Structure formats: C-alpha cells, structure tokens
Amino acid sequence: MTEFSGWLLDLFENPGGGISLWFIGVNGKRQRFLQKFPATFFVRVNETQAVALKRFLEKQNAVVHLSYQERYDLFARKALRVLAVEVQNAYQQPALFRKALHELPDLQYYDADVALSLRHAAIYNTFPLAFCRLKADDQGWIQEIKVMDTPWDIDIKPPPLRVLRLSPDTNPEDSTPQALIVQYASRLHKLSLQPVRALLINLKSILSQYDPDFILTRWGDTWLLPRLIEMDNATGIGLPWNREPGRSFGYRAERSYFSYGQIIYRGQQIHLFGRIHIDQGNAMFWSDYELDGILETSRLTRLPIQTAARQSSGTGISSMEIVTALSNGMLVPYQKQQAEHAKTALELLHSDQGGLVYQPLTGLHTDVGEIDFISMYPSIMVRCNISPETDPSLALEPSDEPPGLIPQTLAPLLDKRIKLKQLLAELPHWDPRRERYKQLTSAQKWLLVTCFGYLGYKNARFGRIEAHEAITANGREALLRAKEAAEARGFLLLHMYVDGLWVQKEGARHPEDFQDLLDAIAERTGLSISLNGIYRWVAFLPSRVDQRVPVANRYFGVFQDGSIKMRGIETRRHDTAPFIAATQLEILQHLAGAEDVQTLKEKYLDGAVAILRMRLHNLLSGEVPLEQLLVSQRLSRELEAYTVPSPPARAYAQLHAHGKVLRPGQRVRFLYTLDEAGVRAWGLPEMPDFKFVDTARYKALLIQAAGTVLQPFGWDEERLGTVVSGIPAEQDPLPLTRIKSPSFWSEGLLSDTKYDQVTS
DNA sequence: TACAGTCGGGG
DNA sequence: GTGTACGACTGTA
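Residues numbered from 1 in each chain as written. Chains lettered and ligands numbered in written order. Predicted model: local features only at pLDDT ≥ 70, side-chain atom pairs only at ≥ 80, totals over all residues. Heavy atoms only, no water.

What about the protein's contact with DNA strand C?
Of all residues adjacent to DNA strand C, which total 27 residues, the nearest are Phe258, Ser259, Thr315, Tyr454 and Ser543. Counting only atoms of DNA strand C within 4 Å of the protein, the sugar-phosphate share comes to 69%. A distance of 3.0 Å separates a phosphate oxygen of DNA strand C from a polar side-chain atom of Arg544. One of the side-chain nitrogen or oxygen atoms of Arg554 is found 3.2 Å away from a phosphate oxygen of DNA strand C. Looking at the surface near DNA strand C, the elements with two or more residues in it are β15 (255-259), α8 (313-327), β24 (550-559), α17 (647-657) and α18 (695-710). (Near = heavy atom within 4 Å. Polar contact = N/O pair within 3.5 Å; in protein donor to acceptor, adjacent residues only side chain to side chain. Helix = DSSP H or I, 4+ residues; strand = E, 2+ residues; numbered from the N terminus.)

Considering the domain arrangement of chain A
Here chain A is described as being made up of domain 1 (2-35 + 126-147), domain 2 (39-124), domain 3 (351-561) and domain 4 (596-630 + 682-759). Computed from C-alpha atoms alone, the centre-to-centre distance between domain 2 and domain 3 is 42 Å. Taken together, the four residues of domain 2 in the interface contact nine residues of domain 3. Three residues stand out in domain 2 for area buried against domain 3, namely Leu74, Phe75 and Arg77, and they jointly supply 83% of the buried area on that side. Seen at the junction of domain 2 and domain 3, the total is two salt bridges. For Arg77, the salt bridge is made with Asp391, and the minimal N-O distance between the two is 3.5 Å. Counting every contact that joins domain 2 to domain 3 gives two residue pairs in polar contact (both at pLDDT 80 or more). Tallied by class, residues from the side of domain 2 that touches domain 3 come to two nonpolar, no polar and two charged. (Domains from an automatic or database assignment. Contact = heavy atoms within 4.5 Å. Buried area = accessible area lost by both parts, 1.4 Å probe. Salt bridge = Lys/Arg side-chain N within 4 Å of Asp/Glu carboxyl O. Nonpolar A, V, L, I, M, F, W, Y, C, P; charged D, E, K, R; others polar.)

Examining the state of the cysteines
Within the structure shown, the criterion is met by zero disulfides. Cys451 takes part in no disulfide bond, and the closest cysteine sulfur to it belongs to Cys384, at a distance of 14 Å. (Disulfide = S-S within 2.5 Å.)

What to know about the confidence of the model for chain A
Atom-level detail of predicted coordinates should not be read off regions where pLDDT is low. Of all residues in chain A, 92% have pLDDT values of 70 or greater, and the mean over the chain is 88. When the criterion is pLDDT under 50, residues 337-352 qualifies, and its contacts beyond four places in sequence or with other chains add up to 18 contacts. The low-confidence segment residues 729-760 (pLDDT under 50) makes 54 contacts with residues lying over four places distant or belonging to another chain. (pLDDT = per-residue confidence, 0-100.)

Describing unusual backbone geometry
Phi is mostly negative for residues that are not glycine, and the peptide bonds are mostly trans. Cis rather than trans, the peptide bond between Gln194 and Pro195 has omega equal to -5°. Residue placement: Pro195 occurs in the loop between β12 (187-192) and α4 (196-210). Despite not being glycine, Arg77 shows a phi value in the positive range, around 60°. By the element assignment, Arg77 lies in the loop between β5 (64-73) and β6 (78-87). Look at Leu129: it is not a glycine, yet its phi comes out positive at around 65°. With respect to the helices and strands, Leu129 occurs in the loop between α3 (116-124) and β8 (131-136).

Right, dumping it as structure tokens:
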C-alpha cells in the first residue's frame, strides 16, 4: 500500500477497464493511478420493457449489474422506480447506452449521457487540479481518495505546473511558417521547421526531458499538431505526446454550430492523455482570461481541462447543474421531455417579455451616476428560488421553499464571485493576486450569464421557459422599483438598460450624493446594487436612420477617474477596420483628458479635429499599413447560400476561387478596393497594391467614426467633412514602399497579434 | 424602398 | 456535445 498527495490533472476511461487518474505529486513526480469506477444509467421501464431491455443487455459484450432503485425525478417532482444499469467498465457505457437507445427508443433514460468527470465529481468531490490524498495498492489501484479543497476556495496552494508553449512563427492561414517558437521554463527557442528530422529530435528531447503538464499552442489543433504528427509518422521518430501508455490522440472533428443567434466555427481538436493540450486560437475565451480563467472554468464545472478550454459556457453551466443533480440523487434526463405549461393571458402579459429596455434621453449629460445591479439575473434566481421544478414568485419575494436545482448550483458560485469582487476592491493595484482574481471573476461571469439564457431554451436539459420568463419579469420589476426610488429623490432618470440605470441630479458629483438612493434600491428590491461610477459626461446617441429616435445601446462617456465607457459605437464592433477603430479611440482618449465638459468644449475640440486631420492625411498619403485597413466579418453560411453579393461573400468567393475553403462561422478579412469587385480578400497569393485601395471609402468611414463621438459636441459628420476637405495627396496616393511607421502604429493600440510573455 | 447580411455582450 | 434573440445598422439592387 502506498500513500500519495498531489493535484489531480486529468482523468479518463480506460479501454481495458477502470479509469486512469493523472496526478502532479507534491514530491514533483507525475504519476498515474487506476481506479475501479463503474458507470450507471437508469431506465424507466414496465415489466415487458424490462424483459426486452434485459434480453438486449445479455447479448452485449459488457458486464452489467441490474437492480431497481427509487430516484427523484425533478420534473415529475417525485421519486420514480427505475432500473439501474451498472456498467462495470465505464469505457463501454456511452456506446452501450447508444445501442440501447437505438434498440429501445421509447424508454426514458436517465444519467445516460453524463461525462465521466462529472460522475466522479458527484461521488468523490473531485475536480481538475483538486488537491488529493490517496492510498493505492502495489499495482497502483486506488483504494481510498480524499479531496482536500473545494472549487469555492479562493486562495489555493498552486500546483507547480510545467508549461510548454509552441507556436509557428506566422499565422499559417496567411503564409507558410518557417519555424517553431518554443518556450518553457524561461527558455525561448526558435526551431526551424526544416529539416524535419532535426526538428522532431529536438522536440522529442524537450518533451521527454521537460515533461510538460500543459502544452499551450497557437493553431495547434488545426495546423501545428496535425503537421507534427504527420511528420512524426513519416519519420518514425516517435514523439512522446501522451503520458498515458498506449493511447493515441483524442480527435474531435471541426464543426459550425449556432449559438446565441450566430454561427460559431470551432476547428478540429486534438486532446492528449495525461497531459493537457490547449490551442489558444481554438479555445473559447482565451483572449479574455488566459490559463487561470480556463482552470477556474474547469474547477467550477468539473469538466476535464481540455474540454473546459474549448467548450461553450452553456455546456459549463449544464455540467454544474448535472453535478448538483447527481449529488442529490436526482435523475438527470437524457432528453428534455417537458411541454410548456399552459398560461393564462394575464400571466403572459406580465411575464412574456425580455429584459427591460428604455429609451434614453439623447445628447450630452453631466452629473450622472451609473447604478448597476450586481449579477442581477443570477441573484434573482437565487433569491426567488427560480428553477425548473419550483413555482417562482414574480414580485421579488424571497422564497421559503427549499432551494431548487438552479439556486443550489448558483449560490456558491455567486458567493465566490462577490467575495472576489470585494477583495479586488480592497487590494492595492500592485498586488500580484489582482490579475488572477480578475481572470477568475471573468470566467465566473460567463457561467452566470449563460445560466440565464440556458434556462430559457426549451430543449435544455434543465430548462423551463416559465423560469426564464420569471427571471426577466423580476428583473423588470427591480428596475421599475429603482426608477421610482430615483424619481422620489429628485433624480432624473436618463436611461435604463436590463440591469443598469443612469440617473442625473444637478450637483451630484460624489458617491455620497447617490448613497441614499443606493440604499433605497437595495431595500426595495432585496438585490445587491453598486454605483458603477459617476460620469464627467456621458452621451446617448440617436439612431443613424432617424435622428429623432433614441437607441438604447449606443452611448459613450468618461468617468471621474478618466476611464472611458462605450457601447455600440464603431470601436466596439469587430467589423470595423483597426485603423478606423484606433482613430475613434484616439479621439475619445483625447477628450477623456478634459476634466469637465466646459474645459473640453473650450480646449479639447480643436485637438480632436486635428487628430482626425492627421489620420486622414496618413490614410491619403499611403502611410497606413494595409493590415490596419482590413475589415473582418464572419461568414454566416456556405458560399452557394449567399443570395446577395455582400462584401464578405465577394471576398470569400475570391479565396474560394484559389482553393481556400472557409466554414460558416470563420472570419474572412478583406480590403475595400477601387476595382470592379469593390473588395479584395486578404490571403490571396498576390499582395494587393495600395493604389487599388478605395481611400475615399475609408475616408468616409473615418469621418463617420469621428462624427459618432464628436456629434454631441457639435461636430457632426457634415461639419467634419467641410473642415477636413482639402487635405493633400488625395489624388496621388503614394506607393506602399514609401510607408513610414509613425509611433502611432507601434503603441500597442493597434497591434492585433502579440506573442505571449515568457512565464516561468 | 425592400430586404439580406452582420453585429452586439465582457474587459 | 449546442442551447437557433432581436433590433440597429450597412450594403445591394
């Protein structure tokens, strides 16, 4: 018998039986243990069906134990008698279930499509990187395992991770890479991709000597690993990618899928065994929260790290709900089988709407505070006990019933997030923990946000549309109560949007001026509320189509600390050329330098117009690198499915003609050009010449973007157009070779690809 | 003018 | 192995 302490890195099924668990030991050793772990699913059967199921199972090449059990069904709200099918080898369970479903499709199956890591979490409280103590026999089979921490702990003993970073020296979609950038343990190498043998031998020695726990790549799923594996197979050198003996790679095919109203593309994936591969470009929110955020998602959701990194947060919150259900001995439905409950017309009238949207008072405002409800929807779910199996209140009343599945799942997550937010507010800015805390809260935010949307999807495993509506109804109620409280205290309500409100009162410039209102709102709604900030000035924009109509979601402003908030304007959009976005931001940052509106109007507007003139001059004299003029848009369909030759469709057609295939959800980048097509795709064999760039069009876009942020100060597009006309070089753009590189381009404002920092 | 196609949310 | 909103805006014809 051996005893062992360490962090659980990964666990997975073994084809030969039992499951493998890989640990990072406190002794520094990376060690695998085995564990006997049968996987059970349940079936609701009458006597004849039970006979048929037993007959089917007998014919299968799998050892199963059958028994009848009483399990609680969430939607029936009572315990049901179900047949438990305990599959001794967990590896066989998914396939066995699929065959059973095919053979006997009319039965109700439960716990049938639950990931192994979730089953394990429900029994042993495990999660990725959990600190464990275990006892194992001499063959390495675990006899006892204890988890010493929880996903809700904030300051954990950090596991000593070994991280290897691999990336090609260029984006393989644009040009063929020549070398591989390799970083580990504060070392940085550049390995040439040719000759192949030397490269592979080098990599082999790094993999076996450094023995990384994580391999973080760029284009690793879609380009790098497939290439390296292919080369390796051809030469027979044998790179030790996996730690688990005898396992090949876990491949997942590329796919396009629909999520929140748009097509998303996810490239092919390559998973490893006993070691973690994450492709940053293929990871869900990599740019948002880096490795700490991914590890937090993984801890909270109990999904394997390689899965958590690439999965949507919908799968994440669903996993958390499944673990809650399993831990409570509740049945996890395979398919949602629930019809929408009948509703009276009155209920429909009250609840069947989304979040509250208000029409703001357009124009420039001062003495404005922005008040936000903190995690409004999740807080409502917890406070009002909103869950598919409960009868929620519509009047923000706290529930005295025992908490349902969703509140049980959310409450600890919400607590952890609030604790972290408080810590972040207290910690000095130089504290090294801040960065990690920010990544954790960002990961948590996505899970919380998605939980709401997920509840509203009628086919979600634990979804129920009435629950979704109860949340938005309570949200609207909270905002209306906040509005009353504000108006009763002499504030003018400028705007409300889903979970925030903007209130104005002459002379209100200090947090104390808003405190009474905050207290009143918290008291009237029972929800947490915070003063997000006080604006030096804020502007709500009218519709571009009709200047008389305000729109809810286009505004920008500067807080007292000088930070900028903007929504819906060009800089925020992913289809704005970097040059246009950067110029708009540059103007805003200039305006943010003014202490108040008076000073701004007197001393800063000339400078703003000067910035526009300067950038326009850069544009028309060919000083802007072509990359900064690229527009990037997401393809929503296959090429043949386009009926209108929109710019992205035209650009894709050009790429397609050169044999490049893009899938729906992938982005296409292009320039606006003067030729017949009007656009030119980026990534064609020939580099475009600057003289074909439609500078007049970029000029119009630039003036439009400047007009968006200057219009509240009296400089609309039309007025800007008159002042900036006559800038030289319009008729005579310079060739590309004359491009200078003003410091503006290298300030990071515009850089879109940057390599990761070396971390030790 | 009609309508097809794209974006947002977060930091 | 996700979770098919909806309104603003732009471009094409």
